[in-house]
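Topology and contacts: notes
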Amino acid sequence: MRLRCAVLDDFQKVAAEVADWSPVADDVEVVAFDRHIESEDDLAAALAGFDIVVTLRERVPFPGSLITRLPRLKLIVASGMRNSVIDYATAEARGVTVCGTASSSTPPVELTWALLLGLARGIVEESSSLRSGGPWQSTVGADLHGRRLGLLGLGKIGSRVAQVGLAFGMHVSAWSQNLTSGRTAEVGVELAPSKEDLLASSDFVSVHLALSDRTRGLLGPAELALLKPTAYLVNTSRAAIVDQESLLAALHDGRIAGAGVDVFDIEPLPADHPMRTAPRLLATPHLGYVSRANYATYYGQAVENIQAFLAGSPIRLLAR
């Protein structure tokens, strides 16, 4: 009997076309879901008849309470080699194998700059005005050259964002809790004396930290109050690093020039979520890793993971 594989959150309906699933076609029936399934009860019902689940990033949590309600589940394939929303202990206890895939840091770097440039030059406002017959030029762009870019985090993504900033002729500084002057020297940027100094001195601030107990709520009302009224904040990392209510208040009160956000406390955003209508906000629906090349890697390696699992030698195993 063929196994059944559920591909979750295939919003663009491309999972079947960006990778070759034929190597497992004889053994596995693949069913893609193009709508997000929100509640655990709905997930348990939708996935009850599946042996394999392919899930993107950390969009769908797999707590122990869900895994125990999926008696046929044998394999979870998650894109990326780190996933904090899977209960690995329960998966192991239930005999469920968990595998990951490679993931490129290039797409979130590029999206970061798309948001930052879009904010700086009023791209959305000017394009919408042009297309609707509105005023010819209504904004004055913010310059990048000679301005300061402050990076919270200087890992794979943050360091590449820094390189682009340097190419624009920006002064680039960085801070994180364990960042050293040796690391910043390698990248060619300055080490900010403190988080507070970075926030107060930067014209653009971009967040590139992993979410942890130390970074959750790292930017709250006191930190956002340090930003210049002409400063822009970009977050393509994790929503919980920036206090959402404080960010909304800063945008509504005009205490910062604007924000570019790709991550949210609830995803997909409910229709009435205040982030959908906040002023001075350029928002995208978590597109950070959404690119054709990355999807080809995710789904291509998902097929490889399924093949290896069927052969009895799982690869790219994940564990907390």
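Right above here is the structure, for reference.
This one's a predicted model, so the numbers in the text were calculated from it and none came from an experiment. (Residues numbered from 1 in each chain as written. Predicted model: local features only at pLDDT ≥ 70, side-chain atom pairs only at ≥ 80, totals over all residues. Heavy atoms only, no water.)

Observations regarding the environment of D51
With respect to the element layout, D51 can be found in the loop between α2 (40-47) and β3 (52-55). Of the residues examined, D51 reaches a relative accessible area of 3% and is grouped as buried. Separated by 247 residues in the primary sequence, D51 and Y298 have C-alpha atoms spaced 19 Å apart. In contact with D51, other than residues within four places in its own chain, are L3, R4, R72, L73, K74 and L75. Among the polar contacts listed, one links the side chain of D51 to the backbone nitrogen of R4, at a separation of 2.8 Å. (Helix = DSSP H or I, 4+ residues; strand = E, 2+ residues; numbered from the N terminus. Buried < 20%, exposed > 50% of the residue type's maximum accessible area, 1.4 Å probe, protein only. Contact = heavy atoms within 4.5 Å. Polar contact = N/O pair within 3.5 Å; in protein donor to acceptor, adjacent residues only side chain to side chain.)

A word on helix α7 (residues 156-167)
In a regular helix each residue adds 1.5 Å, so 12 residues correspond to 16 Å; α7 covers 17 Å between its end C-alpha atoms and thus fits that length. Of the residues making up α7, those classed as buried are I157, G158, S159, V161, A162 and G165. Those residues of α7 hidden inside the fold are in contact with α5 (106-120), β6 (148-152), β7 (171-175) and α8 (181-187). The first or second residue beyond α7 is G169, which carries a positive phi of 80 degrees. (Expected span 1.5 Å × (residues − 1).)

Brief notes about the sheet that holds strand β11 (residues 258-261)
If you walk across this open sheet you meet the 7 strands as β8-β7-β6-β9-β10-β11-β12, and the pairing is parallel. The outermost strands of the open sheet, each flanked by one partner alone, are β8 (190-191) and β12 (281-283). Pairing between β6 and β7: 5 bridges, direction parallel. Paired with L152 across the strands is W175, a residue of β7. The sheet strands contacting α7 are β6 and β7, and the helix crosses β6 at an angle near 175 degrees. (Pairing = 2+ DSSP bridges. Axes fitted to C-alpha atoms, helices over the stretch in contact; angles between N-to-C directions.)

Concerning the packing of α5 against α7
The N-to-C vectors of α5 and α7 enclose an angle of 45 degrees; their axes lie 9 Å apart at closest approach. As judged from the angle between their axes, α5 and α7 are oblique. For the pair α5 and α7, the crossing hand works out as right-handed. Contacts from T106, P108, V109, T112 and W113 in α5 reach I157, R160, V161, V164 and G165 in α7. (Parallel < 35°, antiparallel > 145°, perpendicular 65-115°, else oblique. Left-handed = near helix turned anticlockwise from the far one by under 90°.)

Describing the environment of V98
If you trace the backbone, V98 turns up in strand β5 (residues 97-99). Classification of V98 as buried rests on a relative accessible area of 5%. Measuring from C-alpha to C-alpha, the distance between V98 and V53 comes to 9.7 Å, with 45 residues separating the pair along the chain. Residues within four places of V98 in sequence aside, it is in contact with I76, I86, Y88, A91, R316, L317 and L318.

Focus: the pattern of salt bridges
Under the criterion given, the structure shown has 15 salt bridges. Residue K13 is joined to D34 by a salt bridge in which the shortest nitrogen-to-oxygen separation is 3.4 Å. Pair noted here: K13 is in the loop between β1 (3-7) and α1 (15-18) and D34 is in the loop between β2 (28-32) and α2, with a separation of 21 residues, a long-range link. For K13, a relative accessible area of 54% puts it in the exposed group. Its salt-bridge partner being E304, residue R316 comes within 2.6 Å of it at the nearest N-O pair. Taken together, the residues R316 in the segment after α12 (292-310) and E304 in helix α12 connect sequence positions 12 residues apart. With relative accessibility at 36%, the residue E304 sits in the partly exposed group. Each of K13, D34 and R35 takes part in a single network of salt bridges with overlapping partners. (Salt bridge = Lys/Arg side-chain N within 4 Å of Asp/Glu carboxyl O.)

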